[in-house]
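Per-entry structural report
Listed below, chain by chain, are the residues.
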Amino acid sequence: MTGLEVIGLNKAFGGLTVARDINITLAPGDRKALIGPNGAGKSTFTNLITGILEPTSGEIRLDGRDIGKLSEAQRVKAGIAKTFQITNLFKSLTVRDNLRLPLLERRGLTGRLIRRSDREGGVEDEVESLLSQFRLSDMGDRPVERLAYGQQRLVEMAMTLALKPRILILDEPAAGVPSSESPLIAEAISGLPQDLAVLVIEHDMALVFKVARRIVVLVSGAILTEGTPEEIAADARVRDLYLGASHG
Amino acid sequence: MKSLLPFALMALVAVVAFYAFPYNLAFLTRVVITMILVLSLDLLIGVTGIDTLGQAALYGTGAYAAGLFAVHVWADPVAGLLVGGLAGAVVAFVSGLLLMRTHGLTLLMLTIAVAEVFQELANKLDWLTGGADGLGGITMNPVFGTWQFDFIGQTGYIYAVCVLFIVTAILKVVIGSPFGLSLRGIKDSPARMRAIGTPVGRRRVAVYTLAGAVAGIAGALAAQSTALVSLSVYDFQVSAEAMIMLILGGTGRLWGALIGTAVFMAVHEVAASVDPFNWLFIIGFLVLAVVYAVPRGLIGLPEEIRRMVGRLK
Ligand SMILES: Nc1ncnc2c1ncn2[C@@H]1O[C@H](COP(=O)(O)OP(=O)(O)OP(=O)(O)O)[C@@H](O)[C@H]1O
Ligand SMILES: [Mg+2]
């Protein structure tokens with residue numbers, strides 16, 4: 001198939017199993033949400049897909065090709081990108097430089113030793129359009145560390161979109177974003193190219209129901225169920241889960 | 001235009017120093033050479049966040065390569081510089097393939113070890129390097145076949161200053177380039193750099209190689225201007241003092257490396273002549289005072305003062 005295919009993925013940290021025979025597909029155009037209680041293994045799952053962590057067993061295929069042996073950087077080049085649950089930015093660099101880096105990297109230009117990094121026409125246009133999309137234009141020349149956390153979350157999202165991935169994984173993109181700005185996140189997700197495959201991890205159910213067409217529920221590293229938002233909302237087990245251990 | 005201002009200032013200082021201390025040109029030349037070495041270290045520590053205590057391995061190899069080249073092949077200074085730079089780059093690339101896989105304390109220890117291995121190697125290969133007696137018999141041809149190296153070191157000083165200018169300008173361009181931006185990205189977050197698709201390990205080897213070339217050029221200059229290479233080019237002290245000078249001046253902006261070197265070596269020279277026994281104490285005090293009062297180094301001093309004045313108002 002085209003897209004991402006995860007087959008029988010397992011991961012254990014010592015005695016703690018955090019991924020248990022996970023099977024998921026993510027085809028072009030998909031809008032899936034991955035939900036589950038804290039510690040269910042959602043972030044770990046994203047780290048396995050992007051190559052930050054190595055699975056204990058299982059297969060990860062992209063367009064039918066096994067990518068399990070590719071490095072993290074190679075998987076990005078292959079089209080897989082994610083946002084970090086805990087903001088991970090170039091803190092001392094300006095917002096513009098934070099966006100330039102992925103844009104330059106996508107074009108294969110970061111090995112270049114001459115020409116200033118802020119003089120690449122195509123890159124600069126994209127920097128400005130990302131800034132205005134996330135209403136960051138005013139603070140483009142400010143070091144990222146001087147931004148409020150919510151704005152840093154927006155930079156986080158913009159940087160990942162700058163990579164123009166085919167498979168996009170968003171790990172709690174709205175966490176920490178003040179409610180005044182959180183529509184920007186939902187807007188950005190709805191505005192993504194139609195043929196992109198998107199997996200959103202979120203505790204904010206309003207956002208999940210707004211963007212997801214299918215929902216996967218992960219509990220203790222294993223998939224409990226998968227279905228449409230209506231099916232999941234009606235599922236008694238899921239309701240127990242969320243009433244029993246409520247959070248954010 | 002604004003970016004040319006520091007260069008103009010640098011030229012001014014170089015010229016003033018030339019006329020103000022006509023009998024200290026040998027010392028001034030050493031300062032200039034050390035500046036180039038500290039620049040190479042700033043590229044690693046300040047720009048990319050690669051902490052190393054092994055710059056002597058690259059510097060020393062550049063010195064021996066240039067010295068041997070002058071003795072056995074061709075005594076042309078510029079060709080010798082290129083040979084020294086190439087030697088530094090090769091050593092950095094090969095050792096970097098291993099070193100750049102490590103971080104933190106492991107990296108510090110290993111870089112120290114590499115320099116020691118080279119020192120021992122140079123000692124063992126005494127038929128080639130002169131061993132503990134040093135490599136002598138270096139006589140340089142005139143620069144570009146025109147400017148003869150003279151006794152009081154005028155040519156040597158001007159030559160070294162020109163090399164410093166060229167190296168600084170090149171490093172400025174590199175730091176402002178996409179490659180340079182990726183180095184600063186690596187300093188802030190290697191994990192994020194990988195997540196945007198940058199092969200961080202290869203980038204680290206690349207910048208280590210570039211720093212090796214620069215350190216090698218510094219070593220070559222040292223060999224040419226003193227007409228001697230001794231085992232001490234590989235001393236731990238070379239690497240350690242370079243790091244102190246960098247921290248003193250301020251990391252990551254090149255100008256800090258130049259200022260730190262000048263101040264450290266000037267204080268060292270004066271203190272050692274005033275009190276040959278306690279000069280280390282004075283240097284130590286200076287470094288402590290600066291690190292305590294201006295954590296970002298001397299280059300951060302104007303801003304610090306402006307802030308203090310602003311608070312008084
Ligand atoms: N590197 C690691 N070493 C050991 N245990 C880990 C590691 N990373 C995560 N874990 C553990 O694995 C489990 C799953 O963590 P993970 O971060 O994937 O959960 P999550 O579903 O993303 O939770 P949250 O909703 O809080 O973000 C947790 O128990 C966590 O403590
Ligand atoms: Mg998580």
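Scroll up to find the structure this text is about.
First things first, this report covers the structure right here in the doc.

Conventions we followed
- Residues numbered from 1 in each chain as written.
- Chains lettered and ligands numbered in written order.
- Predicted model: local features only at pLDDT ≥ 70, side-chain atom pairs only at ≥ 80, totals over all residues.
- Heavy atoms only, no water.
- Helix = DSSP H or I, 4+ residues; strand = E, 2+ residues; numbered from the N terminus.
- Rg over C-alpha atoms; globule rule 2.2 N^0.38 Å.
- Buried < 20%, exposed > 50% of the residue type's maximum accessible area, 1.4 Å probe, protein only.
- Lys, Arg positive; Asp, Glu negative; His and termini not counted.
- Charge placed at Lys NZ, Arg CZ, Asp CG, Glu CD.
- Axes fitted to C-alpha atoms, helices over the stretch in contact; angles between N-to-C directions.
- Parallel < 35°, antiparallel > 145°, perpendicular 65-115°, else oblique.
- Left-handed = near helix turned anticlockwise from the far one by under 90°.
- Contact = heavy atoms within 4.5 Å.
- Nonpolar A, V, L, I, M, F, W, Y, C, P; charged D, E, K, R; others polar.

With that out of the way, let us pick up the overall build of chain A. A count of helical and extended segments in chain A gives 9 helices and 10 strands. Against the compact-globule benchmark of 18 Å for 248 residues, chain A has a radius of gyration of 18 Å, which places it among compact chains. Each principal axis of the C-alpha distribution contributes one length, and for chain A these read about 55 × 40 × 35 Å. Expressed as a percentage of its 248 residues, the buried residues of chain A come to 52%. Averaged over its 31 positive side-chain charges, chain A has a centre that lies 3 Å from the centre of its 32 negative ones.

All names here are of chain B. The interhelical angle for the contact between helix 1 (residues 5–20) and helix 7 (residues 154–176), taken along N-to-C directions, is 170 degrees, at an axis separation of 12 Å. With respect to each other, helix 1 and helix 7 are oriented roughly antiparallel. Crossing angle aside, the handedness with which helix 1 passes helix 7 is right-handed. Counting all contacts with helix 1, which are made through Phe7, Met10, Ala11, Ala14, Ala17 and Phe18, the residues of helix 7 involved are Gln154, Tyr157, Ile158, Val161, Leu164, Phe165, Thr168, Ala169 and Lys172. Of the residues in the contact of helix 1 with helix 7, the class split is 12 nonpolar, 2 polar and 1 charged.

On to the side chain of Lys32(A), then. Residues and elements named next belong to chain A. Inspection of the secondary structure puts lysine 32 in strand 3 (residues 31–35). Judged by relative accessible area, which is 5%, lysine 32 ranks as buried. The contacts of lysine 32, once residues within four sequence positions are left out, are Thr25, Leu26, Val198, Leu199, Val200, Ala212, Arg214, Val216 and Glu226.

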